[in-house]
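Descriptive analysis of the structure
This is what each chain is made of:
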Amino acid sequence: MAEETRYLSLNLYVRNSGYHEASWRISSADPAAALDPRYYVDLARVAERGVLDSVFLPDSPGMVRFRSAHLPSTGLDPVQLLSAVAQSTTHIGLVATVSTTYTQPWETARRLATLDFLSQGRAGWNIVTTAEPEVARNFGNLPHPPHAQRYERAQEYVDVVLKLFDGWSDTAAVMSRADGVWADTTQITSPHHHGRHFDVEGPLPLPRSPQGRPYLTQAGASPAGMELAARYADAVFTPQRDVPSAVAFRGRLREMTAQFGRSADHFKVLPGLPFLLGSTDAEAKALHTELEDASSDEFRWRNTAHLAGLDHTTVDPDAPLPDHILDAQPLTSFGGSIYQLAKQAPAPFREVARRVSALPGALDFIGTPEGLADLITDWWRAGASDGFTLMPNLLPDQVDLFVGHVVPILQRRGIARREYRGSTLRDHAGLPWSTHPHNQKPTMQQPRLAPGRGSAGVER
Ligand SMILES: Cc1cc2nc3c(=O)[nH]c(=O)nc-3n(C[C@H](O)[C@H](O)[C@H](O)COP(=O)(O)O)c2cc1C
């Protein structure tokens, strides 16, 4: 079979009025729009016009009080919100963040399989372990588990979810009116899972979803995060600042993926790419200055401490971070990038925080559509990424600009698709339909409940 042309995977990160903390103060959208599903539908339709792979909603199951004073607190449940978006879109993939630390796998598997049915095969799950300790208090009296324990639980959690996704074989729902048989239950496998963190006995009460397995993404750059991604994920979101380190990161992850017996060619590295576009560099810089001027200095240093995993009430903003903090193991990979900035040019923490770009340790592009298209092309050609997680600093206008001015350049260069080549998110990403363990043999008949399945390199 002729090899499919590879295209960039472009995934649009949508957080209220944009990724920049002050975006809501100058956005053309009303600050309340981010609580209205129509706002997300409009953004998803623009992304669909640009033939992007997916929209992605971040999430944390809690509120950090000091953040909510300045940052829009618009934490609508991503799975429910994307279920609404699914009804008014036809192609765009819908990736919802769900925490493995503060939910249960059976319930998550059912919610994601439901989203996959509601969207006819466009569901994705961004697997996160939740870094914020405050969240623990919403879920009982246990303390927030440390990093290693969160990832250990995540591994078992994803394993259970996959067993549940794979519980019904592709032909289990026979729906034979003539024989009066709805399902052949010999083809439904219970997980019988009894592990360290979970006891999950029974299967899902619904047949295998249109993609077989919804698309799985993971956002984590620590060794444990990378291992989780390499074992299970179809794509990883990651902060990467330059081509050489991104090439090394991607190479390492591809090797790890192969070690877990998976094809590295079916695994995407999608660095987070915050950006701000203008018709000239000067115009983009002026917009950035406008955003920075609308930011709160007090919020910035507190939020930077928070991203580094520090309790901001213990940090003196007018002094450099003390050595015992800088020399200790960072509590998050964002912390690693922030400590590095503090060590490079020692200064009061307040000033260090001003240097922190939108996503610590990541690119932060400010310039013209041509400049952004060049950056994307250079990274792609150098093997530094398989696409990007686009993080517009200002919504909705910056997505219009990206789709109207950057996408056409990438299409002319032959690295962005001009049209969708299938209908599922796995199709857009050029990934095989996820093979069911019961269906390894090519003798099985085509599954009945699989709209759009199989148009991109089906593994059968
Ligand atoms: C593009 C991107 C998006 C992320 N989105 C979320 C999110 O929605 N919810 C969340 O709890 N963490 C999110 N994270 C943070 C990661 O889950 C993770 O905590 C962080 O990258 C630190 O990595 P580590 O846990 O491997 O140390 C995101 C990270 C990146 C790079």
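Within each chain, residues carry numbers counting from 1 in the order of the written sequence. Local features in this predicted model are restricted to residues of pLDDT 70 or higher, and side-chain atom pairs are both shown and tallied only at a pLDDT of 80 or more, whereas totals for entire chains, interfaces and linings draw on every residue. Heavy atoms throughout the structure, all of them, feed into the side-chain values; hydrogens and water do not.

Under the scheme used here, helices are H or I runs from DSSP no shorter than 4 residues and strands are E runs no shorter than 2 residues, and both carry numbers assigned from the N terminus. Each helix and strand in the protein was counted, giving 16 helices and 11 strands. Its C-alpha atoms give the protein principal-axis dimensions of about 75 × 55 × 40 Å. A buried classification covers 55% of the 460 residues belonging to the protein. In what follows, residue pairs with any heavy atoms lying within 4.5 Å of each other are defined as contacts. Relative to all contacts within the protein whose residues are 6 or more apart in sequence, the contacts with residues 24 or more apart total 77%. For the protein, the accessible area works out to roughly 19,800 Å², and carbon and sulfur atoms hold 51% of it. For the protein, the distance from the average site of its 44 positive side-chain charges to the average site of its 51 negative ones is 4 Å. Accessibility here uses a 1.4 Å probe with only protein chains present; expressed as a share of the type maximum, an area under 20% marks a residue as buried, one over 50% as exposed, and anything in between as partly exposed. Only the protein chains shown count as covering a residue, and every accessible area follows the Shrake-Rupley method with a 1.4 Å probe. His is not counted, nor are the chain ends, whereas Lys and Arg count as positive and Asp and Glu as negative. Each charge is placed at NZ for Lys, CZ for Arg, CG for Asp and CD for Glu.

Before going further, it helps to examine the packing of aromatic side chains. Each aromatic pair joins two rings of Phe, Tyr and Trp (for Trp, the six-membered one) with centres within 6.5 Å, and gets the label stacked for planes under 30 degrees apart, edge-to-face for over 60, and tilted for any other angle. With the rule as written, the count across this model stands at 11 aromatic pairs. On the numbers, 5.3 Å between centres and 70° between planes, the contact of Y13 with F56 is edge-to-face. With Y13 in strand β1 (residues 9–13) and F56 in strand β2 (residues 54–57), this residue pair connects regions lying 43 residues apart in the sequence. With respect to burial, Y13 and F56 carry one shared label: buried. On the basis of an interplanar angle of 40° and a centroid distance of 5.6 Å, the ring pair of F275 and F402 is categorised as tilted.

Looking at the protein, the domain boundaries give domain 1 (9–282 + 363–439) and domain 2 (290–355). These domain boundaries are the output of an automatic or database domain assignment. Each of domain 1 and domain 2 has a C-alpha centre, and the two are 28 Å apart. Between domain 1 and domain 2, the contact holds 21 residues from the first and 17 residues from the second. Here the quantity called buried area is the total loss of accessible area, with a 1.4 Å probe, experienced by two parts when brought into contact, counted for both. Surface buried jointly by domain 1 and domain 2 totals about 1,500 Å² across both partners, of which 67% is contributed by carbon and sulfur atoms. The largest contributions to the domain 1 side of the interface with domain 2 come from E21, I26 and F66, which together make up 39% of the buried area. Salt bridges, as used here, are contacts in which a Lys or Arg side-chain nitrogen is within 4 Å of a carboxyl oxygen on Asp or Glu. Viewed at the interface, domain 2 and domain 1 are joined by one salt bridge. Put simply, R300 and E21 hold a salt bridge, and the shortest N to O gap is 3.1 Å. Here a polar contact is recorded for every N or O atom pair within 3.5 Å, except that within protein the pair must consist of a potential hydrogen donor and a potential acceptor, and residues adjacent in sequence are included only if both atoms are side-chain atoms. In this assembly, domain 1 and domain 2 are joined by five residue pairs in polar contact (both at pLDDT 80 or more).

What follows covers helix α7 (residues 223–232). Inspection of α7 places G225, M226, L228, A229, A230 and Y232 among the buried residues, and these make up the whole buried set. Where α7 is buried, its residues contact β4 (123–128), α6 (147–165), β7 (215–219), β8 (235–238) and α8 (243–259).

What follows covers the site of the ligand. Any residue with a heavy atom positioned within 4 Å of a molecule or strand is treated as near that molecule or strand. Looking at the ligand, there are 18 residues lining it, with D59, Y151, A219, S222 and S333 nearest. A distance of 2.8 Å is found between an oxygen atom of the ligand and a side-chain nitrogen or oxygen belonging to Y151. Note that an oxygen atom of the ligand is positioned 2.5 Å from one of the side-chain N or O atoms of S222. The protein chains hide 92% of the 610 Å² of surface that the ligand would expose on its own. For the shell around the ligand, the secondary-structure elements that each account for two or more residues are α6, β8 and α12 (333–344).

Here we come to the environment of V181. Mapped onto the secondary structure, V181 falls in the loop between α6 and β5 (193–194). A relative accessible area of 33% means that V181 is categorised as partly exposed. Placed 146 residues apart in sequence, V181 and D327 show a C-alpha to C-alpha distance of 65 Å. Discounting chain neighbours no more than four positions away, the residues touching V181 are V174, M175 and S176.

Only buried residues count toward a nonpolar core, which is a set of Ala, Val, Leu, Ile, Met, Phe, Trp, Tyr and Cys residues joined through side-chain atoms within 4.5 Å. Ranked by size, the top nonpolar core spans 76 residues in total, and within it F402 and L410 carry the most contacts. The leading source of residues in this core is α6, at nine residues. Those residues in contact with F402 that lie beyond four places of it in its chain are L10, F275, L277, L372, I376, L390, V407 and L410. A308, L310, V315 and Y339 belong to the second-largest nonpolar core, a separate cluster that totals 17 residues.

Moving on to the pattern of salt bridges. It is possible for side chains of opposite charge to pair when their charged atoms get near one another. For the structure shown, the criterion picks out 22 salt bridges. With its nearest N and O atoms 3.0 Å apart, the salt bridge here joins R231 to E227. Note that R231 and E227 are positioned in helix α7 at a spacing of four residues, about one turn of the helix. Note that R350 and D297 form a salt bridge whose closest N and O atoms lie 3.3 Å from each other.

Here we take up the pairing of β1. Most of β1 is tucked away, with five of its five residues classed as buried. Because side chains alternate across β1, one face comprises the buried residues S9, N11 and Y13, and the other comprises L10 and L12, equally buried. For β1 and strand β11 (residues 387–392), the ladder comprises four bridges, and the chain directions are parallel. Bridging from a neighbouring strand, S9 pairs with G387 of β11. Strand pairing follows a simple DSSP-based rule, namely that at least 2 bridges must link the two strands.

On to the side chain of S23, then. Relative to the helices and strands, S23 resides in helix α1 (residues 23–26). When neighbours within four sequence positions are excluded, S23 is seen to be in contact with N16, S17, G18, L291, N393 and L394.

The subject of this paragraph is the packing of helix α2 (residues 37–49) against helix α15 (residues 397–412). Between N-to-C directions, angles span 0 to 180 degrees; the directions come from axes that are lines fitted to C-alpha atoms, helices contributing only their stretch in contact. Where α2 meets α15, the axes come as close as 9 Å, and the angle between the chain directions of the two elements is 15°. With respect to each other, α2 and α15 are oriented roughly parallel. Judged by the sense of rotation from one axis to the other, the crossing of α2 with α15 is left-handed. Residues L43, V46 and R49 of α2 form the contact with α15, whose participating residues are V399, D400 and V403. Each residue gets one label: Ala, Val, Leu, Ile, Met, Phe, Trp, Tyr, Cys and Pro are nonpolar, Asp, Glu, Lys and Arg are charged, and the others, such as Gly, are polar. For the contact of α2 with α15, the residue count by class is four nonpolar, no polar and two charged. Each angle receives one of four descriptions, namely roughly parallel if under 35 degrees, roughly antiparallel if over 145, roughly perpendicular if within 65 to 115, and oblique otherwise. When the near helix sits turned anticlockwise from the far one by under a right angle, the crossing is termed left-handed; a clockwise turn instead gives a right-handed crossing.

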